[in-house]
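An overview of the molecular structure
Next come the chains, spelled out residue by residue.
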Amino acid sequence: MAPGGPPSSAPALELRGLEKTYRGGRAALLGVDLQVAPGELVGLLGPNGAGKTTLTKIACGLVHPTGGTVLVDGHPVGTAAARRATGYLAELFRFPDWLTADEVLALHQRLAGSSGGSEERRGRLRDVGLADSGDLRVGAMSKGMQQRLGIAQALLGAPRIVLLDEPTSALDPVGRAIVRELLTALRDRGVGVLLSSHLLGEVERVCDRVAIVVDGRVVADDRPSVLTRAAGVELETDRGVRIVEGAGRDDAPALVAAAVADGERVYGVRVRRSTLEDVYREAVGGATDGGVQRR
């Protein structure tokens, strides 16, 4: 993957007090603060209607906010500099069936102002596992191949932030593995990524941080290891398996010692932790559609 130019000290994406109210008074975002650092992969989770897609469209300049500030690589959203620094793949996109993959990328190179030419196009197709599909027409591609082509167009130019809305929803396990490798390569290049997804497993595997949006507000924002917490200690003894609720790692030695003192033979001890799915469901609470998938 080609290098993306000199590094910037500014956040790849910075949202401060972001608000959006649509006609009729429906509030989609209510004062969202969120940052994506260069080389950071941030997962954006939330139930349907929480405001994730609105947030992503505002971040790439397609929707105007009602209030707040949006900066892309230090530039106000909507400016030419911000557009050049942004790569974007919408959840629902459609390329003309009659164009080849190479023609799709050539079109988007012109839109992005990229001068990378055919070498860049070949490189982006190679990145997404479509190296031999440049002459294949979109209409002859599977949905998964079209999805990967969409990711390739988001990487044209030298984006500092890549906004991906459900990028792996149509992909099989091989396709998702390709995207995971690609996201790791973007991190290594110092490119920030905001990944909106319902696939918790994918978010857990690749993201450095997770932000959960519910009813237009960020209700949790931290590393997955911080968001999860101890959920008891499991002891396996000759009397069976039992879970000591509320206990953590520091309690394990004392629990083992107490079991041995009580005449039990201890075969194993395990500190249980809540999962990101547990954290998500707790954060969503009474939302009518959690929209989460584990695959």
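Above this text sits the structure in question.
First things first, this report covers the structure right here in the doc. Because the structure is a prediction, the values reported are computed rather than measured. (Residues numbered from 1 in each chain as written. Predicted model: local features only at pLDDT ≥ 70, side-chain atom pairs only at ≥ 80, totals over all residues. Heavy atoms only, no water.)

1. Things to note about the overall build of the chain
Summing up its helical and strand segments, the chain has ten helices and 13 strands in all. For the chain, the spread of C-alpha atoms along the principal axes amounts to about 75 × 45 × 40 Å. The contacts in the chain between residues at least 6 apart in sequence include a share of 68% that link residues at least 24 apart. Counting only carbon and sulfur atoms, one obtains 49% of the accessible surface of the chain, whose full area is about 14300 Å². Of the charged side chains in the chain, 37 are positive and 37 negative, and the gap between their average positions amounts to 4 Å. (Helix = DSSP H or I, 4+ residues; strand = E, 2+ residues; numbered from the N terminus. Contact = heavy atoms within 4.5 Å. Areas by Shrake-Rupley, 256 points an atom, 1.4 Å probe, with all protein chains shown as cover. Lys, Arg positive; Asp, Glu negative; His and termini not counted. Charge placed at Lys NZ, Arg CZ, Asp CG, Glu CD.)

2. Describing the sheet that holds strand E1 (residues 13-21)
Read from one edge to the other, the open sheet built from four strands follows the order E2-E1-E4-E5, with strand pairing classed as antiparallel. Only two strands of the sheet have a single partner each, and these edge strands are strand E2 (27-36) and strand E5 (75-76). Pairing of strand E4 (residues 67-72) with E5, which is carried by two bridges, proceeds in the antiparallel orientation. Within the sheet, the bridge partner assigned to Val72 lies in E5 and is His75. Each of E1, E2 and E4 is contacted by helix H1 (residues 52-59), which is oriented at about 120 degrees to E1, the strand it contacts most. (Pairing = 2+ DSSP bridges. Axes fitted to C-alpha atoms, helices over the stretch in contact; angles between N-to-C directions.)

3. Let's talk about the packing of helix H3 (residues 101-112) against helix H4 (residues 117-127)
One way to put it is that H3 packs onto H4 with a least axis distance of 10 Å and a crossing angle of 120 degrees. Between H3 and H4, the angle falls in the class oblique. For H3 against H4, the interelement crossing comes out right-handed. From H3, Ala101, Asp102, Leu105, Ala106 and Gln109 reach across to H4, where they touch Gly117, Glu120, Arg121, Arg124 and Leu125. Here the residues of the contact of H3 with H4 are counted per class, giving four nonpolar, two polar and four charged. (Parallel < 35°, antiparallel > 145°, perpendicular 65-115°, else oblique. Left-handed = near helix turned anticlockwise from the far one by under 90°. Nonpolar A, V, L, I, M, F, W, Y, C, P; charged D, E, K, R; others polar.)

4. Examining the environment of Glu264
Take Glu264: it is sitting in the loop between helix H9 (252-261) and strand E13 (266-273). The buried category is assigned to Glu264, whose relative accessible area is 6%. In this structure, the C-alpha to C-alpha distance between Glu264 and Ala170, residues 94 residues apart in sequence, is 51 Å. When sequence neighbours within four positions are dropped, the list of residues in contact with Glu264 reads Thr237, Asp238, Arg239, Arg242 and Ala259. At 2.9 Å, the side chain of Glu264 forms a polar contact with the side chain of Arg242. (Buried < 20%, exposed > 50% of the residue type's maximum accessible area, 1.4 Å probe, protein only. Polar contact = N/O pair within 3.5 Å; in protein donor to acceptor, adjacent residues only side chain to side chain.)

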